[in-house]
Amino acid sequence: MTITVPQSDPQDVPGTEKVPKPTKKLVLDADEEDDDDDEGDEENGKEDAGDDGAACPADGTKKKKKKKKKPKKKKTAEAGSSKQSSPPRVPVSKLFPNGNYPCGEETPYVGENSYRTSSAEKRELERLAAQEDPDSPENYNSIRRAAEVHRQVRKYVSETIKPGMTMTEIAEMVEDGTRALVEVDGLHRGIGFPTGVSLNHCAAHYTPNAGDTIVLSSDDVLKVDFGVHVSGRIVDSAFTLNFNHKYDKLLEAVRAATNTGVREAGIDARLCDIGASIQETMESYEVEVDGKVHKVKAIRNLTGHNILPYHIHGGKSVPIVANSDETAIMEEGDHFAVETFGSTGRGYVMDDGECSHYAKTPDVNKPIRLARAKTLLNTINKHFDTLPFCKRYLDRLGETRYYAALDNLVNLGIVQAYPPLSDIQGCMTAQYEHTIILRPTCKEVVSRGDDY
Ligand code: CO
Ligand code: CO
């Protein structure tokens, strides 16, 4: 999911004094890492700071213990996915029976924060956190489990989605896979937010409602934005599919822009600087469609966001264009969804069409007069709490004739509506998104996979 900013002109501001931020290219040295954190790790249980689930130490502590020579592979473990069924129905807990889920892509901090990689104090922080209760936000295993579900589900859906399928089939394909792999269990584990399957000029927040008859066509540009949560730790990650190669360059621009945002993210990084870097990457691309050249534009009123337990939008925004707010920074312990949107249109979205996405507004207590609205709120509290939901999720819980009650909750401010967000008709938009965590010792791109 994403958020919109009530934003005026994204003017460039004169640079003032520098806050330390990563400026160099952050490259993960895959060779430093021995990512055996998956199944069959017979060294489990030994006293090794790195084996308690805290992390794969960024400084390569584990190397001493494990010298098994494996062909050098990409960082993100793909173990387990080979035993996945098609469609995916094998829970990831069965594929990783020791409960240690693969670490995402780890990147050392740079500049004034480079000390963190080897800092005994910061490593101790991570180690202690991992010994706390499994629901502690610092126990990265919950979010890694959610990320592994995301990778395995998206592998299947990206290979399987084809023109001619209905949008409902596509959304349900994602959701059925997610529920099975994460072993959906009330508010403990499940879908993180409604599956976005926004098409073409619609950039975000479209998922079909009951009765939707839209069918995917071969000229469509489809954004698949879905979420998985374990104990409220949400992985929010998105990719774009196209079937007509004339839009390849647009996808490439957005993918590169998101990777720029991921690369520039770090402790003490200024959010405005990240936005400026993203915009620079995005807008260095052009795409030629049917003989017309379009400069790719970053959609200036869409942003990434931080994520808190059970809250997809934690209050900080990651802009994708330059802005003048130099005070907002990323901090140790933050979880962020870094997402960017590129467009061949004007680079600005507005509410468009029938709403499907909703979420409870945190901490709003207002008297409700309508009895139906009260019972609907009970359902929402029980099944979603503050996690976003859509009308289809209410339908499958057996709720009927709730539209007026839902409108009532929205009008009271208890529930917020997130209508589809579209650029101008006829243009195309694309999106890529990753979830990152700013650990004390390193940055971890938890949702990184072989695909994006
Ligand atoms: Co998001
Ligand atoms: Co998203």
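## Some remarks on the coordination of the cobalt ion (ligand 2)
For a metal with four tetrahedral donors the ideal donor-metal-donor angle is 109.5 degrees, whereas six octahedral donors ideally subtend 90 or 180 degrees.
Move 1: Every protein donor of the cobalt ion (ligand 2) is accounted for by M1 (N), D225 (OD), D225 (OD), D236 (OD) and E433 (OE), and the metal-donor separations fall at 2.0 to 2.3 Å.
Move 2: As a motif over one chain, the donors of the cobalt ion (ligand 2) read M-x223-D-x10-D-x196-E.
Move 3: Between the two metal centres, the cobalt ion (ligand 2) and the cobalt ion (ligand 1), the spacing is 3.1 Å, with M1 acting as a shared donor. Taken together, the residues span a long stretch of sequence, with M1 in the segment before β1 (3–4) and E433 in strand β19 (residues 429–438) at a distance of 432 residues. Note on accessibility: M1 and E433 belong to one class, buried.

## Re the packing of helix α5 (residues 248–264) against helix α6 (residues 271–282)
Move 1: Where α5 contacts α6, the two axes come as close as 8 Å, and the packing angle between them is 155 degrees. Here α6 runs roughly antiparallel to α5, going by the angle between their axes. Between α5 and α6 lies a crossing of right-handed hand. Residues A253, V254, A256, A257, T260, G261 and E264 of α5 touch α6, and the partners they reach there are I274, S277, I278, T281 and M282.
Move 2: Taken together, the residues that form the contact of α5 with α6 break down as seven nonpolar, four polar and one charged.

## Observations concerning the coordination of the cobalt ion (ligand 1)
Move 1: Taken together, M1 (O), D236 (OD), H305 (NE2), E339 (OE) and E433 (OE) make up the full set of protein donors to the cobalt ion (ligand 1), lying 1.8 to 2.2 Å away.
Move 2: Each donor residue of the cobalt ion (ligand 1) lies on the same chain, and together they follow the pattern M-x234-D-x68-H-x33-E-x93-E.

## Concerning the nonpolar core
Proteins that are soluble and globular tend to have nonpolar side chains buried together.
Move 1: Formed by 77 residues in total, the largest nonpolar core has its most connected members in I161 and L222.
Move 2: In this structure L222 touches I161, M167, V197, S198, L199, L216, F239, T240 and L241, once residues within four positions along its chain are discounted.

## Comments concerning the pairing of strand β8 (residues 286–289)
Move 1: Only one face of β8 is covered, namely the face carrying V287 and V289; the face carrying E286 and E288 is uncovered.
Move 2: In the sheet, β8 pairs with strand β9 (residues 292–295) via four bridges, with the strands oriented antiparallel. Within the sheet, the bridge partner assigned to E288 lies in β9 and is V293.
Move 3: In this antiparallel pair of consecutive strands, β8 and β9, the connection spans two residues, and D290 shows a positive phi of 50 degrees.

## Remarks on empty space enclosed by the protein
Over the atoms a probe the size of a water molecule is rolled, and this reveals where empty space is left.
Move 1: Under the criterion given, the structure shown has six cavities of 30 Å³ or more.
Move 2: By volume, the second largest cavity amounts to about 70 Å³.
Move 3: Lining the second largest cavity are 13 residues, and of these G196, A204, H205, D225 and Q431 sit closest to its centre.
Move 4: Broken down by secondary-structure element, the contributors of at least two residues to the lining of the second largest cavity are β4 (196–199), β5 (202–204) and β6 (221–230).
Move 5: Along the lines of polarity and charge, the residues of the lining of the second largest cavity split into six nonpolar, five polar and two charged.

## Observations regarding the packing of aromatic side chains
Move 1: Per the stated rule, a full pass over the model turns up seven aromatic pairs.
Move 2: On the numbers, 5.6 Å between centres and 55 degrees between planes, the contact of F96 with Y101 is tilted. The exposure classification of F96 matches that of Y101, with both residues buried.
Move 3: Taking the centre distance of 5.7 Å and the plane angle of 65 degrees together, the rings of Y432 and Y452 count as edge-to-face.

## Describing the sheet that holds strand β15 (residues 357–360)
Move 1: Pairing within the open sheet is antiparallel, and its three strands lie in the order β16-β15-β17. Edge positions in the open sheet fall to β16 (389–390) and β17 (415–418), since each of these has one partner strand only.
Move 2: The pairing of β15 with β17 spans four bridges and is classified as antiparallel. Residue K360 lies in a different strand from β17, and its bridge partner there is V415.

## Observations regarding the layout of surface pockets
Move 1: Here the largest pocket is characterised by a volume of approximately 390 Å³.
Move 2: Considering the residues around the largest pocket, the lining is formed by 23 residues, among which I3, H313, Q416, A417 and Y418 are closest to the centre.
Move 3: Secondary structure elements with two or more residues in the lining of the largest pocket: β1, β14 (350–351), β15 and β17.
Move 4: Per element, the largest residue contribution to the lining of the largest pocket is three residues, and it comes from β17.
Move 5: Residues of the lining of the largest pocket, tallied by class, amount to 13 nonpolar, eight polar and two charged.

## Some points on α5
Move 1: With 17 residues, α5 extends 24 Å from end C-alpha to end C-alpha; this agrees with the ideal 24 Å at 1.5 Å per step.
Move 2: Three or more residues of α5 are buried, namely L250, L251, A253, V254, A257, T258, T260, G261, V262 and E264.

## Some words on the pattern of salt bridges
Move 1: Summed over all chains, the structure comprises 26 salt bridges.
Move 2: For the salt bridge of E332 with K122, the shortest nitrogen-to-oxygen distance reads 3.0 Å. Note that E332 is positioned in the loop between β12 (317–319) and β13 (335–343) and K122 in helix α2 (residues 120–131), a separation of 210 residues in sequence.
Move 3: Residue R144 is joined to E444 by a salt bridge in which the shortest nitrogen-to-oxygen separation is 2.7 Å. With R144 in helix α3 (residues 141–160) and E444 in strand β20 (residues 442–445), the pair connects residues that are 300 residues apart, well separated along the chain. You'll find R144 and E444 in the same group, each marked buried.

What counts and what doesn't
Throughout, a residue's number is its position along its own chain's written sequence, starting from 1. Chain letters start at A and ligand numbers start at 1, both assigned in the order the entries are written. Given that the model is predicted, a residue must reach a pLDDT of at least 70 before its local features are reported, and side-chain atom pairs must reach 80 or more before they are shown or counted; all residues, however, enter totals for whole chains, interfaces and linings. The basis for the side-chain values is all heavy atoms of the structure; hydrogens and waters are excluded. The rule for donors is simple: N, O or S, within 2.8 Å of the metal, or within 3.2 Å if the metal is Na, K or Ca. Water isn't counted, so a site may look like it is missing partners. Only runs of H or I of at least four residues qualify as helices and only runs of E of at least two qualify as strands under DSSP, and these elements are numbered from the N terminus. Note on exposure labels: buried denotes an accessible area under 20% of the residue type's maximum, exposed denotes more than 50%, and partly exposed covers the range between, all computed with a 1.4 Å probe on protein chains only. Every angle, taken between N-to-C directions, lies between 0 and 180 degrees, and every axis is a line fitted to C-alpha atoms, over only the stretch in contact when it is a helix. For this classification, under 35 degrees means roughly parallel, over 145 means roughly antiparallel, 65 to 115 means roughly perpendicular, and everything else is oblique. In this scheme the crossing of two helices becomes right-handed for a clockwise turn of the near helix relative to the far one and left-handed for an anticlockwise turn of less than a right angle. What makes two residues a contact is simply this: any of their non-hydrogen atoms within 4.5 Å. The nonpolar class holds Ala, Val, Leu, Ile, Met, Phe, Trp, Tyr, Cys and Pro. Asp, Glu, Lys and Arg form the charged class, and all remaining residues, Gly among them, are polar. What makes a nonpolar core is a set of buried Ala, Val, Leu, Ile, Met, Phe, Trp, Tyr and Cys residues whose side-chain atoms join them at distances within 4.5 Å. Only when DSSP finds a minimum of two bridges between them are two strands counted as paired. Lining residues are those with an atom within 4 Å of a point, where the points come from a 1 Å grid over the protein atoms alone and group into cavities, where a 1.4 Å probe fits but cannot get out, or pockets, open sets with protein on both sides within 12 Å along at least five of seven lines. Grid points are joined across faces, edges and corners, and a volume is the space filled by probe spheres set on the points. The aromatic pairing rule takes the rings of Phe, Tyr and Trp, using the six-membered ring of Trp, and pairs them if the centres are within 6.5 Å, calling planes under 30 degrees apart stacked, those over 60 edge-to-face and the rest tilted. A helix is expected to span 1.5 Å for every residue after the first. One speaks of a salt bridge when a side-chain nitrogen belonging to Lys or Arg is within 4 Å of a carboxyl oxygen belonging to Asp or Glu.

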